[in-house]
Amino acid sequence: MALEAVLAAPSTCGVASQSWIASNLKKRECIKFVATSEDENRCYCNRPLSLHCGGLDDADSNRTVEEELWMPSTHTQLLPTDAFGTIEFQSGTHKRKAQYVRLAHDTRPELIMQLFTKEWGLELPKLVITVEGGKSNFGQQRKLGRVLHKSLSKIAGATGAWVFTDGLNKGVTRQIGDALLLENVKSSAQVIVIGIAPWGIVEDCYQLCGHNHDVPYHSISSLRPEYAVLNKHHSYFLLADDGTLRRYGAELVLRRNLEKYISNQKLHPGSQCCTPLVCLMIGGGCNTIRTVRDYVMDTPLVPVVVCDGSGRAADLLASVLEHEQTVLESMRNYFVTLIQNMFEVDMKQAECLYSLLLQCTQRKNLITVVRLTDQQEETSQELDLAILKSVLTGQHLSSSEQFDFALMWNRVDIATSDIFICQQEWPPGALEEAMMQALKLDRVDFVKLLLKNGVSMQKFLSVPRLEELYNTKQGPFKKLGYISRQIHHISRGNMCTLHDVGLLINKLMGGSYKSYYTQRKFQLIYARAMRKSLDFQQSYGTTSMTSGLPRGTLLTSNEENLFDYPFNELLVWAVLTERQQMALLMWQNGEEALAKALVACKLYNAMADEVAENHSETQIYEDLINYRKEFENIALELLDYCYKQRVDQAKQLLTCELQNWSKETCLNLAVAANHLALLAHPCSQMVLADLWRGGLCTRKSNNLKVIFGLLCPFYIPKLEFKLEEELQLLPQAEEEHLVYLEKEHKSTEGQSTDNHHNTVADAESLIYNESHNTRNANRNNRPLSLGEKLYAFYTAPITKYWGHSIAYIVFLMTFSYTVLVKMENKPSWPELYTIIYICTLACEEVREILSSKPVALRQKLSVWAQHWWNPCEAVAIIFFFIGLFLRLHPSSLHDGRLIFCVNIVFWFVRILKILAVNKYFGLLVTMMGKMLLDTNKFMFIIIVILLSFATCHRSILHPNREPSWAFIREMFFKPYFMLFGEVFAESILPECDKDTDFMTCQIGRWFSFVQTVIYLFVSNFIIINVLLALYNNRFDEVSAVSRQVWMFRRFRVVMEYEKKPVLPPPLTVFCHVFLLFRHFHHKVHGTEASYDNDLKLFLDHDVQVCLGDFEEECLDSYLEEQETKLHRSNDECIRNTADKVDNLYEKVKDISQERNNLTSDIQGIEVHIRKLGGLTNQMLSHSATIHRFMGTNVQEPLSISGLPDADWVVRE
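Bear in mind that the values here come from a model prediction, so they are computed numbers and not experimental data. (Residues numbered from 1 in each chain as written. Predicted model: local features only at pLDDT ≥ 70, side-chain atom pairs only at ≥ 80, totals over all residues. Heavy atoms only, no water.)

**Focus on the overall build of the chain**
Next, step 1: Assigned secondary structure in the chain consists of 52 helices and twelve strands.
Next, step 2: Taken across its 1212 residues, the chain has 45% of its residues classed as buried.
Next, step 3: Counting only contacts in the chain whose residues sit at least 6 apart along the sequence, the fraction spanning at least 24 positions is 74%.
Next, step 4: Only carbon and sulfur atoms are counted for the fraction: they give 57% of the accessible area of the chain, which is about 64200 Å². (Helix = DSSP H or I, 4+ residues; strand = E, 2+ residues; numbered from the N terminus. Buried < 20%, exposed > 50% of the residue type's maximum accessible area, 1.4 Å probe, protein only. Contact = heavy atoms within 4.5 Å. Areas by Shrake-Rupley, 256 points an atom, 1.4 Å probe, with all protein chains shown as cover.)

Printed below as a string of structure tokens:
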């Protein structure tokens, strides 16, 4: 009665909330008493007369005398809702929360959808699954629970579906909640489960009254059958109120109206497809059959999935659907009897239900039956597919619309089995649009499927589409905040152009890399593509890509805006947007797999460096490092596979020019990506060894032979050299390649002139041509001439290395002589040689800057400064020239000499750069450099401790010191040398006396002694030992990868000496004069000089095609090998075994459950047998009593009148 009293209280009490819910959502309360036929003191709303409408007086005044039909629309009034907020379910180890609201059963669906989307923040559903079943607590089958868990939860989580139930903790709703709870725990995707329950059925609903309240709620099954509790596994509750208590029906109206409204809404603006709705029938009773009939017969039509084996109505409907219409007429009596026994109804009701079942059979195409079998995995997959397929078949969608649904749900299995079938016709452009959506949503499996079914990426990818992909807001793009900030920082508008992306790529790749999007050639393509785009002027206007182009460019060109290598562009897009699986797919398709993997490594590495300092993006940094390692591994494994197949072509892959990647090579990309393992691979080292030796073919004692050849040029012809054909297969600079092509062109012109003046017959010309080709082949295989040997010897990097090293040693000797002897006013010849050497070296530094690959001077300086030796050399040269300027003036001669003395320190240290090429010295130099960097970071701690001691020590012992600059030197002098063992024991506690010549005793002088002891302990025992431990750790770290580090640095040394002039300083000035002459020669003739000095292999088109085919074949074989290894791996075997064990475990649990059920049945039979035995014994005792009685009375013959009557016998 307490519940009824609260519900009957006036709802206008309390201050109305100003929130949207309180303002727009209403509840219903009965205001007119209509007595029921069973009890005239109880209204049809199920409230007693005493508690109706606030009291007896109001009830009497509103009481209806005449009989009338109670209707919510006429006998209730709408009032602002007084119950909404958050329910906190208390049962279980963790509290679960759910939003709830009390609202009228006829609330407009528009308001409910606004409540979902605006107030509760839900996204619109892509699928609505409404569950229908029995409300009674039927014996829940374990099999059914597992099937629901594996299928329904998978659908709801993957498709973003909403699941509608009655929200009560009984019947099938309880089973659904338990299944979806397990999935929510395992998956990060939140499953939206909405319970639509009647307000008057909820037990203790008076506790929910209040505005925005957090209500503790115990979801314990009610002992009163007329009430029910809410299920704790739901996310949201709509409590439908029609003004009644303890009556069902209000939720049905609200639920059906909401389902119809949602099913008529478009999935997204511009779409022709409505939000799909599907009904899942599990068990159920009479009302379930009526509801299913309404779904399949009403408008809009709703497909239904029936779980055969879940019991009662579902099994009955599945059985009826198995038979044809003619057979059902003959089986009418059978099914009517079955319905009577199953639902315990009379004949008339059974006939009515059977007619409803026959109406359902008229729409068999909308009903799908899934049978629950012992194979749980197959059953769950079948139910999973049946629900989704029923949506596709129920709405009569086209192929493209079905694919949109499968893509939205991320169900590639449905697209494979039901959409991409034989002889399927697709509208023009439908597959390309599907590919666009698959890329945006990061659906890797769908992209594979579309590629498999004939979508050409070269025809698909255009400039507008690629730009749209970079600007998409779908997928994981928002996860990488750095890329988004960088792009929008560069862009002038809200939309980023491909030019902006190109600038970002240039920044991430570093060095002289120039993206294709920032080249002049691409600007014309971009302008034409945007001109063809319909919304170009409205969306983009005048961009940086189109400004500055010649007038008429947009109108005169008819070339198509297609990419020759679309997978390369999509790989970069996938990497920049952190779509790792998509990037791997783009790497597996297309050309230049090795180069794509290295570019991905570099981009990931650069992005990781950018986000490393941002502690809020720690997880992103770890992801980027893992992605980079994955591409590093596949690049190394692919190179190793190619190397095992064919060594020569694997070497060509590393050194051939990549036109699509800023004319770089795979070796250059590996250096940029800091891929130590790839550069340490035998294939890379073979290439570096060939580059280091140049034209020389010596195998042993290379250094000694080169040094002897430099000292004695007559020994050079006796060295072994490569053939001309082998030299042509070596990587070379672009300038050398152009010279070679010019020679070939002149040779071809001379031969064509001779053929023009030749009047020999055609047969003789053919013989001549064949003999000419033979001579060319023989010429390529011939040994080098003397001039070619000298050129090959002096241009080899190993020769340049030793030539420059010998000249540098001579320079150090003359420089040392200059500073060690007395310096006269007039420079001596050793000093002149030193000055000329430094001047030539300065010119060489300028040449390196100007001849670098970038065009802009700022980029040239940036590339030049990447090697830290170059800035150091520049600073040393500047200081040398300052000292030279002072030295040439007699008044500042000694100052200039002092600068020379300090400057020579760097030139001696520069020997370490020369030693870095050696395998053993190079490792030590690397260790020293890394230790020096560690020391710079550690020095801050040392300085802090040193300052603390020095300040306190000097302030105590010298309180009256006058300010001077020498005070700073005295302050640091002793503490610094104490670090290395010089403790200055006599000054730690100096003697003092007021009456003698000793220093004056200061107050607290004893504390300086204590502080000195502490300082010596901290500095010499702790700090120094920590520094030594740091050095030891760095030594172990470098030693572990010493071979890779040396091989990595070897490449830079080879490239450095390949670009150096043939003659060492100071003779380099002649090379500089030659370069200036050649530069002016190009200017005069109007030709453009090449600044690309990287070593590359320039191949003909046919050779490039063969090399690309070789790489693609190796990639396919490598992927097949990796897939085979995956299937045979221990992890895969363990996973398969674990799945089998899980299935076996489930079967054992089923057997155990059946055994327990059988045991309980046997125990029940035993109880009945014992009861029957007791009755039998009782009957026997009664029979014995009767027998004794009869025996006693039968001894004498009795008359009929003397016999006892029947009542007396029974009493006895």
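**Digging into the sheet that holds strand E9 (residues 236–241)**
Next, step 1: As summarised here, the arrangement of the ten strands in space is E8-E3-E4-E9-E7-E6-E5-E10-E11-E12, forming an open sheet in which the pairing is mixed. The open sheet terminates on both sides in strands that have one partner only, identified here as strand E8 (210–217) and strand E12 (367–371). Averaged over all adjacent pairs, the angle separating strand axes in this sheet is 25 degrees, with direction ignored.
Next, step 2: Where strand E7 (residues 192–198) lies against E9, five bridges are found, and the strand directions are parallel. Opposite isoleucine 196, over in E9, you have leucine 238 as the bridge partner.
Next, step 3: Packing of helix H5 (residues 109–119) onto the sheet brings it into contact with strand E4 (96–104), strand E6 (162–165), E7 and E9, and relative to E9 it is tilted by some 155 degrees. (Pairing = 2+ DSSP bridges. Axes fitted to C-alpha atoms, helices over the stretch in contact; angles between N-to-C directions.)

**Overview of the packing of helix H30 (residues 647–655) against helix H50 (residues 1101–1128)**
Next, step 1: At their nearest, the axes of H30 and H50 sit 10 Å apart, and the two run at 105 degrees to each other. It follows from the interaxial angle that H30 and H50 lie roughly perpendicular. Contacts from Gln649, Ala650, Gln652 and Leu653 in H30 reach Leu1107, Phe1110 and Glu1111 in H50.
Next, step 2: Within the contact of H30 with H50, the residues separate by chemical class into four nonpolar, two polar and one charged. (Parallel < 35°, antiparallel > 145°, perpendicular 65-115°, else oblique. Nonpolar A, V, L, I, M, F, W, Y, C, P; charged D, E, K, R; others polar.)

**Considerations on a nonpolar patch on the surface**
Next, step 1: On the surface, Met939, Ile943, Leu947, Trp965, Ile968 and Phe972 cluster together into a nonpolar patch covering about 580 Å² of accessible area.
Next, step 2: Going through the elements one at a time, helix H45 (919–957) and helix H46 (966–978) are the ones with two or more residues in the nonpolar patch.
Next, step 3: Broken down by element, the nonpolar patch gets its largest block of residues, three residues, from H45.
Next, step 4: With respect to the secondary-structure elements, isoleucine 943 resides in helix H45. (Patch = residues over 30% accessible without salt bridge, like charges linked within 9 Å, V, L, I, M, F, W, Y side chains within 5 Å. Salt bridge = Lys/Arg side-chain N within 4 Å of Asp/Glu carboxyl O.)

**A few points about the state of the cysteines**
Formally, a disulfide is one covalent bond, and it connects the sulfur atom of one cysteine to the sulfur atom of another.
Next, step 1: Within this structure, the stated rule accounts for zero disulfides.
Next, step 2: Free cysteine cysteine 683: the closest other cysteine sulfur is in cysteine 642, separated by 8.7 Å. (Disulfide = S-S within 2.5 Å.)

**Observations concerning the pattern of salt bridges**
Next, step 1: Using the criterion set out here, one finds 32 salt bridges in the structure.
Next, step 2: Close ionic contact of arginine 847 with glutamate 844 constitutes a salt bridge, the shortest N to O distance being 2.6 Å. Here arginine 847 pairs with glutamate 844, and both are found in helix H40 (residues 829–850), just three residues apart, close to one helical turn. The exposure classification of arginine 847 matches that of glutamate 844, with both residues buried.
Next, step 3: By sharing partners, the salt bridges in this structure join Glu848, Glu873, Arg910, Lys913, Glu1056 and Lys1060 into a single network.

**Observations concerning the nonpolar core**
Note that soluble globular proteins tend to have their nonpolar side chains buried in a common cluster.
Next, step 1: Membership of the largest hydrophobic core comes to 149 residues, with the highest contact counts inside it found for Phe403, Leu439, Tyr470, Trp587, Phe631 and Trp907.
Next, step 2: Ranked by the residues each element gives to this core, the list is headed by helix H28 (residues 593–611), at 14 residues.
Next, step 3: Apart from the residues within four sequence positions on either side, tryptophan 907 is in contact with Tyr808, Phe811, Leu812, Phe815, Ile838, Leu841, Ala876 and Ile877. (Core = buried A, V, L, I, M, F, W, Y, C linked by side-chain atoms within 4.5 Å.)

**Let's talk about the environment of isoleucine 849**
Next, step 1: On the secondary structure map, isoleucine 849 appears in helix H40.
Next, step 2: Under the relative-accessibility criterion, isoleucine 849 is labelled buried at 14%.
Next, step 3: Considered as a pair, isoleucine 849 and alanine 865 are 16 residues apart in the sequence and their alpha carbons are 9.2 Å apart.
Next, step 4: In this structure isoleucine 849 touches Leu857, Lys860, Leu861 and Trp864, once residues within four positions along its chain are discounted.

**Looking at unusual backbone geometry**
Next, step 1: For the peptide bond that leads from threonine 299 to proline 300, omega is 0 degrees, which places it in the cis range.
Next, step 2: Inspection of the secondary structure puts proline 300 in the loop between helix H9 (286–297) and strand E11 (304–308).
Next, step 3: With an omega of 0 degrees, the peptide bond between proline 1065 and proline 1066 qualifies as cis.
Next, step 4: The residue proline 1066 is located in the loop between helix H48 (1042–1059) and helix H49 (1068–1085) in this model.
Next, step 5: Even without being glycine, asparagine 46 reaches a positive phi, approximately 80 degrees.
Next, step 6: With respect to the helices, strands and loops of the structure, asparagine 46 is situated in the loop between strand E1 (26–30) and helix H3 (56–61).
Next, step 7: Given a relative accessible area of 12%, asparagine 46 falls into the buried group.

**Concerning H30**
Next, step 1: Of all nine residues in H30, seven are buried, a share of seventy percent or more.
Next, step 2: Looking at the packing, one finds that the buried side of H30 touches H28, helix H29 (618–645), helix H31 (666–672), helix H32 (676–679), helix H33 (682–693) and H50.

**What about the pairing of strand E10 (residues 277–282)?**
Next, step 1: Within E10, six of the six residues are buried, leaving the element largely enclosed by the surrounding structure.
Next, step 2: Burial along E10 is two-sided: Leu277, Cys279 and Met281 facing one way and Val278, Leu280 and Ile282 facing the other are all buried.
Next, step 3: Across three bridges, E10 lies against E11 in parallel orientation. Paired with cysteine 279 across the two strands is valine 304, which belongs to E11.
Next, step 4: In this fold, the crossover linking E10 to E11 by way of H9 has right-handed handedness. (Right-handed = clockwise from strand over helix to strand, strands pointing away.)

**A few points about the packing of aromatic side chains**
Next, step 1: Evaluation of the coordinates by the stated rule reveals 39 aromatic pairs.
Next, step 2: On the basis of an interplanar angle of 90 degrees and a centroid distance of 6.4 Å, the ring pair of tryptophan 587 and tyrosine 1118 is categorised as edge-to-face. Here tyrosine 1118 lies in helix H50 and tryptophan 587 lies in helix H27 (residues 580–588), a separation of 531 residues in the sequence. As far as burial versus exposure is concerned, tryptophan 587 and tyrosine 1118 are alike and both buried.
Next, step 3: Seen in terms of ring centroids, phenylalanine 793 and tyrosine 794 are 5.1 Å apart; in terms of plane orientation they differ by 85 degrees. Their pairing is edge-to-face.
Next, step 4: Under the relative-accessibility criterion, phenylalanine 793 is labelled buried at 0%. (Phe/Tyr/Trp six-rings, centres within 6.5 Å; stacked < 30°, edge-to-face > 60°.)

**Here we look at the confidence of the model for the chain**
Next, step 1: Model confidence for the chain is summarised by a mean pLDDT of 79, while 80% of its residues fall at 70 or above.
Next, step 2: Of the regions scoring below 50 in pLDDT, residues 1–18 engages in 33 contacts with residues more than four places distant in sequence or in other chains.
Next, step 3: Counted against residues more than four places away or in other chains, residues 753–779, with its pLDDT under 50, gives eight contacts. (pLDDT = per-residue confidence, 0-100.)

**What about the environment of aspartate 346?**
Next, step 1: If you trace the backbone, aspartate 346 turns up in the loop between helix H12 (332–343) and helix H13 (347–361).
Next, step 2: Accessibility expressed as a relative area gives 42% for aspartate 346, which makes it partly exposed.
Next, step 3: Counting along the chain gives ten residues from aspartate 346 to valine 336, while the straight-line C-alpha distance between them is 9.7 Å.
Next, step 4: Within polar-contact distance, the side chain of aspartate 346 engages the backbone nitrogen of glutamine 349 at 2.9 Å. (Polar contact = N/O pair within 3.5 Å; in protein donor to acceptor, adjacent residues only side chain to side chain.)

**A look at the pairing of strand E3 (residues 83–89)**
Next, step 1: Counted residue by residue, E3 has seven buried out of seven residues, so it is predominantly covered.
Next, step 2: Pairing analysis gives seven bridges linking E3 to E8, with the strands arranged parallel. What sits directly across from glycine 85, in E8, is histidine 213.

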